[in-house]
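This is what each chain is made of:
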Amino acid sequence: MQDTIKYQGLRKQLIELLKDKGIIDTKVLEVMGSVPRHFFMDPGLINFAYEDNAYPIAADQTISQPYTVAYQSELLQLSKFDKVLEIGTGSGYQTAILLGITSQVYTVERQQILFKKTQLLFQKMGLRPKKHLFGDGYLGYEKAAPFDRIVVTAAAPEVPRVLLNQLKIGGKLIIPLGEKDQFMMRFTKTGPNLFDKEKFGRFRFVPLLENKN
Ligand code: SAH
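Our subject in this report is the structure included herewith.

Cut-offs used in this document
- Residues numbered from 1 in each chain as written.
- Predicted model: local features only at pLDDT ≥ 70, side-chain atom pairs only at ≥ 80, totals over all residues.
- Heavy atoms only, no water.
- Near = heavy atom within 4 Å.
- Polar contact = N/O pair within 3.5 Å; in protein donor to acceptor, adjacent residues only side chain to side chain.
- Areas by Shrake-Rupley, 256 points an atom, 1.4 Å probe, with all protein chains shown as cover.
- Helix = DSSP H or I, 4+ residues; strand = E, 2+ residues; numbered from the N terminus.
- Nonpolar A, V, L, I, M, F, W, Y, C, P; charged D, E, K, R; others polar.
- Buried < 20%, exposed > 50% of the residue type's maximum accessible area, 1.4 Å probe, protein only.
- Pairing = 2+ DSSP bridges.

A few points about the site of the ligand
Stage number 1. In the vicinity of the ligand there are 25 residues, among which S91, E109, D136, G137 and L209 approach most closely.
Stage number 2. G88 places a main-chain nitrogen or oxygen 3.3 Å from a nitrogen atom of the ligand.
Stage number 3. Here an oxygen atom of the ligand and a side-chain polar atom of S91 are 2.6 Å apart.
Stage number 4. When the ligand sits alone it has 580 Å² of accessible area, and the protein chains cover 100% of it.
Stage number 5. Residue assignment for the shell around the ligand shows that the elements contributing at least two residues are β2 (62-63), β3 (83-87) and β4 (104-109).
Stage number 6. Taken together, the residues of the shell around the ligand break down into nine nonpolar, twelve polar and four charged.

Structure, rendered in structure tokens:
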């Protein structure tokens, strides 16, 4: 697969749209301007790669809408020194954006078919997360905890305690909470068992899978 002038042009337009929609983090905009989203799309949908929409990927999941990826990335306030855990690798697009900011990216996926597909793509693209794991994100990743940042890219009915526990003091968790639709939430750990909670805009995500075999 190739990144052509056509795609670069469409990507520029998408970045302008993200700015119009209120994204201001220059690093996030720069990285999203450089990562070819069409590499992460289902082959039949490549022409839509630079539309600001979510699209189906394997296993009934979706590649997040670019605005949502930008929004979550901005709320993370990620620096190049941060260790970040992503729950819900999916297509790997959000992972690639995180890798454009820090090299310390851990990412977990629950659907094996997606895990395998995205693992191949990462290899092809030379993307190297510290760990790309097949498993249940509800458990976080204890081995590499605590994290500076955690981002959940699927909806949970309430905040998983385990993920809060795996944050450093000063660390932040971004997670969409709710059933049918969700509010984007940011939890900042201010003490061993103390959190600041902020509520942001409304979104719609696929559910975080629980008790899946
Ligand atoms: N960031 C991804 C979003 C994919 S949608 C992208 O833009 O492509 C959410 C993903 O979370 C799906 O791939 C889904 O399989 C995964 N997921 C759902 N429940 C999970 C769980 N408990 N642990 C890890 N991943 C999970």
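Past the structure itself, the notes keep going.
Notes on the pairing of strand β8 (residues 182-191)
Stage number 1. Counting buried positions along β8 yields eight of ten residues, so the element is predominantly enclosed.
Stage number 2. As defined by bridge partners, strand β7 (residues 167-177) adjoins β8 across six bridges and the pair is classed as antiparallel. Across the sheet, residue I174 finds its bridge partner in β8, namely R186.
Stage number 3. Adjacent in sequence and paired antiparallel, β7 and β8 are bridged by four residues, among which G178 carries a positive phi angle near 145°.
Stage number 4. Bridge count for β8 against strand β9 (residues 194-203) is eight bridges, and the pairing is antiparallel. In the sheet register, T188 faces β9, and the bridge partner there is D196.

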